Each structure stands twice: as C-alpha cells, then as structure tokens.
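Notes for the structure review
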Amino acid sequence: MNNERKAVINMSGENFKASGYQLVDKIAALLDDIYNKPVTTGETPFELKKLLPSSVLPENGTDAITLIDNAADLLINHSLFNGHPKFAGYITSSPAPVGILADMLAAAVNPNVGAQILSPVATEIEIQTIKWLAQLIGLQSGYAGIMVSGGNMANFTGFLAARTIKAPKHFKEQGVNMNDAKLTVYCSKTTHTWIEKAVVLFGFGTNSLRWIATDSENKMDNIQLEQTIKEDIKKGYTPAIVIGTAGDVSTGVVDDLKGLAAICKVYNLWFHIDGAYGIPAAAVPELKTIFDGIEAADSIALDPHKWLYSPLEAGCTLVKNPNHLIETYSSHPVYYNFDTYEAERAHNFYEYGLQNSRGFRALKVWLSLQQVGSNGYVEMIREDIALAKLFYDLANQHPELEAVTNNLSITTLRYIPQKSSSIEYLNNLNERLLNVLQSGGELFLSNALINGVYCLRACIVNFRTSKKDIQEMIDIIVREGRKLHEQFQQ
Ligand SMILES: *Cc1c(COP(=O)(O)O)cnc(C)c1O
C-alpha cells in the first residue's frame, strides 16, 4: 500500500482481495444453495440478538477479513430470503445477481450523484437509465426524472412536483393553503399508504384527501371521481391532483388510466400514476391496452426493486416535464443559466429531488437492463404472470381452496375446509394459517383483506419461482390448512 498514513479503516489491495474473494465465494454458494435453504429460519428477535456481538460498542477494532467473513455467515445463515424461489410475499423481488455486483462497484467508486461535477459518468448513466425505464414501459415523449430509494419516495417526489404546479403562486413563501386555497387530492380506496403520509407531510392535511370508491373490478370509480370533483368545485375547493394506480398492492388491479387522464384534462388536474408495482408490465405487448393512458401522466412512480428485480433500494420518478422537478427542488435560480448556456447546463440531480448527496442507485438498474434487454424483461414478467395464473387455477381446482382474485402477478386465495364454515371461522383460520406458513420457512406469502374476506396473497416478482414451486406451495397450504382445521375442531 503506497500510503504513508496508516488509518485503521483502510485496507491494502491484498487484504481487500483476500476478504473479497472469500465473500464472493460465499455469495456465489448462496446463489446456488438458495433453492434448498429455508425461506426463513423463523428465529425470534431474542434469539437473533444473541448472535450479535456484546451490546457495548467496541473500543478497539477487529480485523476486517474476519469481520466480513463472520457477517457473511451471520446473514447467510439467519436471514429471510426474498430471493428464495418460494418467496411470494408482499412485493419484494429476488435481487438480480448483476445488481449485487453493481452495488459493490458503485460503493467502490462512490460517485456522489447529487452534482454532475462529482459524478461525471455516473450522472450520464443515471440519465440514460431513466430514459430506458421510460422506453421500457412504452413512453414515447420526453419523460425524465430521478432515481430514488423506492416507491414511497418516487410517489412523494412526483406529489411534490404536483404541489408546486397546483399550489397558489407564492406558496413557497406562504405555505400551501394561503388564501384558503383548499387544494384537494383524489385517489381510490386501493391506493397504497404513501398517500396518507404525503398529505400529512406536505401540508395538504388529511381533510384534503377524497377517497373515491372502487367499481366491481376494484378500479377507481371514474364516475364518482368526476362527481366528487364537480361538487368540490361548487363548494369552493381547488381540485389539484388525481392519483391513479397501475397495479394495486392487494390485488394487482390497474385503474382505468385513460379515463382518469381524460378527467384530469377536463378539470386541469395533475395526473400522477403510482406504478410502483405494476407498471413494468406495460412492456408486455399483449398487456399494453391495460395501461392505456400512461402517456398522459404528469408524473409516474415505478420501482425497479420490485418487478425489475433490482436489489433494494431502487425507485424512480418519471415526469413529463422535467422543469416541474427543477421548479420544485432547485434551490437556486437555475434559469439564469438557461439563457446562454442551455446546452452545457450541468445536470445536477440534487435539483431534481429531495436528496443532496446521492448514491449511485442507477448502476444496478442500468446493468440489468442491458444484461437482459427489454425482451428479457418482457419474458420474465410474462412468466411471473403465468405462474400467478397457475396458482389461481390450481387453487380453483382444489376442493379445499378458493381462488379469489388474479391480476398481473398477484393471486389471492384462501383455505376452505367446508363450504358451510362461517366467514369469521374462515378469516380466523386463514390468518392463523398465514402465520404458520410464514414462520415455517417452506414458503412465504402475505395477506390481503378483500371485501372483508381474509385471503392469502401470492405476488410473483421472482425469477427463481417455477411451476413446480407453485404446485408445491399449493400442497403446503393445503397440508397446513388441514392440520389447523383439525386442531380447531378438537
Ligand atoms: C410497494 C408500493 C409502494 C411503496 O413502495 P416502496 O418501494 O415500498 O417504498 C407504493 N405503491 C405501490 C402501488 C406499491 O406497490
């Protein structure tokens, strides 16, 4: 090491190699073994705490090679693996192996992608990644945006841009609801919880939120939406933002985006689409019509760490007009530069979002987009959808299962030992069943409450899941369901 200073945190190239090679060997083994490991060990927080070093912060250091090796063992032997082929809970994907390597490379170079001057090539890569994401989902016009940590942040980033455009002129000085502006926001009951955080955090208040009912297909009821907007205008409110969902968390339903876009046009409202989960499916030619209307969105949230299989964290906000982000987030008068040097104006990502210093999240997404191409994504998303459909069909055919919903790659179902059982009994049974399944380590599902019916929910955003896994998951659910039902009868 050609370095006069001997800082304890530094590592020589040689030590780094020794430690790194050992680590890579363990990760490579995990990638091959993950098929045979339990999804989770089911250990309690108490048991896990005992695996950590003593509770007192160490005063003196430990050799890095040993530490990394021990940390690898700790994590590989005691984690819940969303990369497991039978992990189908919530919406967390198996991480793409190329993304694992990309995160290491990103950390090694450590560009600060807040300012272009600190991240010259990384900035170009992020700009290109965002363009490619827009192309992947079929957007033709010049959407741009920013990579963020996930779906919540992607939605917030778009929501705040909407606020800038829809709030009264001097709201930056005087606050959102000066002059009794009474801005209102519209979303359906199926909208993810981020919206509740957003109206509280960003000064609208929960009273500004209009929960629009859903129709028989669980899509936002566009007729009720328009009626509510009209009534609000009459009452002196200022309708501002409509949130459409492209793939709702519970059941995967995509709102009638085209209809929402038309309403937004008539009433001059900001149209935001939360596509955190589902919008990558717009890349699949035969599904395109479900997503008609996305090109009318003013802002779109998508989440590469969901259906694009990026390791956590990776979200992305796309906006139709990038100036809407700059007007929201830029803290100096950027337009001064536009006049004379537009072509050379620096692309500083701190002016496009909430963060100042920013990591290089784009790299893992950029690399996986190239590793598999748009065709590779279309194929994998199609397969995930087919597997969710298989889950539904097998449940449908099974006398002790009820298939409830199937949209995109989400299927909901429940265990029904006897058709005559009461709803209370079945809800209780299925809730207990989910807990048993989750701690059992053979598979991982989550739940959904659909019109008061407690369901098991499988969401396949997992390139490791196969038909065999789906068949086995059905068998496991039935086996454990029977056991519980028998216990309940005693
Ligand atoms: C997952 C999800 C979110 C939140 O995204 P995070 O990445 O968990 O922050 C928001 N909306 C929808 C529709 C989602 O599926």
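The notes below deal with the structure included here.

Thresholds applied
The residue numbering used here restarts from 1 in each chain and proceeds along that chain's sequence as written. It should be noted that, the model being predicted, local features are given only for residues of pLDDT at least 70 and side-chain atom pairs only at 80 or more, the latter also being counted only at that level, while totals for whole chains, interfaces and linings use all residues. In computing side-chain properties, one takes all heavy atoms of the structure into account and sets aside hydrogens as well as water. Note on pairing: DSSP must find at least two bridges between two strands before they are called paired. Helical segments are the DSSP runs of H or I of at least four residues, strand segments are the runs of E of at least two, and each set is numbered from the N terminus. Think of a nonpolar core as a cluster: buried Ala, Val, Leu, Ile, Met, Phe, Trp, Tyr and Cys residues, connected wherever their side-chain atoms sit within 4.5 Å. A 1.4 Å probe rolled over the protein chains alone gives each residue an accessible area, and that area as a share of the maximum for its type sets the label: buried under 20%, exposed over 50%, partly exposed in between. For every domain, the bounds stem from an assignment made automatically or drawn from a database. We call a residue near a molecule or strand whenever a single non-hydrogen atom of that residue lies within 4 Å of it. Pairs of N or O atoms are called polar contacts if they sit within 3.5 Å, as long as, within protein, a hydrogen donor faces a hydrogen acceptor (for residues adjacent in sequence, only side-chain-to-side-chain pairs). Per-residue and other accessible areas follow the Shrake-Rupley method at a 1.4 Å probe size, with only the shown protein chains counted as cover for residues. Ten residue types, Ala, Val, Leu, Ile, Met, Phe, Trp, Tyr, Cys and Pro, are classed as nonpolar, four, Asp, Glu, Lys and Arg, as charged, and the remainder, Gly among them, as polar. Centre distance within 6.5 Å is the pairing criterion for rings of Phe, Tyr and Trp, where only the six-membered ring of Trp is used; planes under 30 degrees apart are then read as stacked, over 60 as edge-to-face, and the remainder as tilted. Only when the NZ atom of a Lys or the CZ atom of an Arg is both within 6 Å of the ring centre and within 35 degrees of the ring normal do we say a charge sits over the ring. Each salt bridge in this description consists of a side-chain nitrogen of Lys or Arg and a carboxyl oxygen of Asp or Glu lying within 4 Å of one another.

What follows deals with the pairing of strand β8 (residues 401–407). Judged from the 6 bridges that link them, β8 and strand β9 (residues 410–415) form a sheet pairing that is antiparallel. Residue Ala-403 lies in a different strand from β9, and its bridge partner there is Leu-413. Between β8 and β9, which pair antiparallel one after the other, the connecting turn spans 2 residues, and Leu-408 there sits at a positive phi close to 45 degrees.

Residues Phe-159, Phe-291 and Leu-318 are the most contacted members of the largest nonpolar core, which totals 98 residues. It is helix α14 (residues 362–397) that contributes the most residues to this core, 10 residues altogether. Summarising the domain contributions, this core has at least three residues from each of domain 2 (111–359) and domain 3 (373–489). Listed in part, the 28 residues of the second largest apolar core include Ala-403, Leu-443, Ile-460 and Ile-477.

Our next topic: unusual backbone geometry. Leu-312 connects to Glu-313 through a cis peptide bond whose omega is 0 degrees. Mapped onto the fold, Glu-313 is located in the loop between α11 (304–307) and β7 (315–319). The phi dihedral of Leu-408 falls on the positive side, at around 45 degrees, and the residue is not glycine. Structurally, Leu-408 is set in the loop between β8 and β9.

To continue, consider the site of the ligand. In the vicinity of the ligand lie 15 residues, with Gly-151, Asp-274, Asp-303, His-305 and Lys-306 positioned nearest. In the environment of the ligand, an oxygen atom lies 2.8 Å from a nitrogen or oxygen atom belonging to the backbone of Asn-152. When the ligand is considered free in solution it has 380 Å² of accessible area, and contact with the protein chains removes 84% of it. For the shell around the ligand, the elements supplying multiple residues, two or more each, are α6 (151–166) and α11. With 3 residues, α6 is the largest single contributor of residues to the shell around the ligand. A class-by-class count of the residues in the shell around the ligand yields 5 nonpolar, 7 polar and 3 charged.

Here the focus is the packing of aromatic side chains. Applying the stated criterion to the full structure yields 13 aromatic pairs. Judged by centre distance (6.4 Å) and plane angle (65 degrees), the rings of Phe-156 and Trp-194 are edge-to-face. Placement of the pair is Phe-156 in helix α6 and Trp-194 in helix α8 (residues 194–201), with a sequence separation of 38 residues. For the residue pair Phe-156 and Trp-194, the accessibility class agrees, reading buried in each case. Ring centres 6.1 Å apart and planes at 35 degrees place the aromatic pair Phe-159 and Phe-202 in the tilted group. Taken together, the positions of Phe-159 in helix α6 and Phe-202 in the loop between α8 and β3 (209–212) put the pair 43 residues apart, joining distant regions of the chain. Residue Phe-159 is classed as buried on the basis of its relative accessible area, which comes to 1%. One aromatic cluster is present, formed by Phe-156, Phe-159, Trp-194, Phe-202 and Phe-204 through successive ring pairs. Above the plane of the ring of Tyr-237 lies Arg-210, whose end atom (NZ or CZ) is 4.7 Å from the centre.

This next bit is on the pattern of salt bridges. A full pass over the atoms with the stated rule returns 19 salt bridges. As a salt-bridge pair, Lys-26 and Asp-73 come within 2.8 Å of each other at their nearest N and O atoms. Of the two residues, Lys-26 sits in helix α1 (residues 13–33) while Asp-73 sits in helix α3 (residues 64–78), which places them 47 residues apart along the sequence. One salt bridge connects Arg-358 with Glu-126, and the closest N-O pair in it is separated by 2.7 Å. Note that Arg-358 is positioned in the loop between α13 (335–341) and α14 and Glu-126 in helix α5 (residues 120–136), a separation of 232 residues in sequence. In this pair, the class of Arg-358 matches that of Glu-126, namely buried. Each member of the salt-bridge network shares a partner with another, and the members are Lys-86, Lys-468, Asp-469 and Glu-472.

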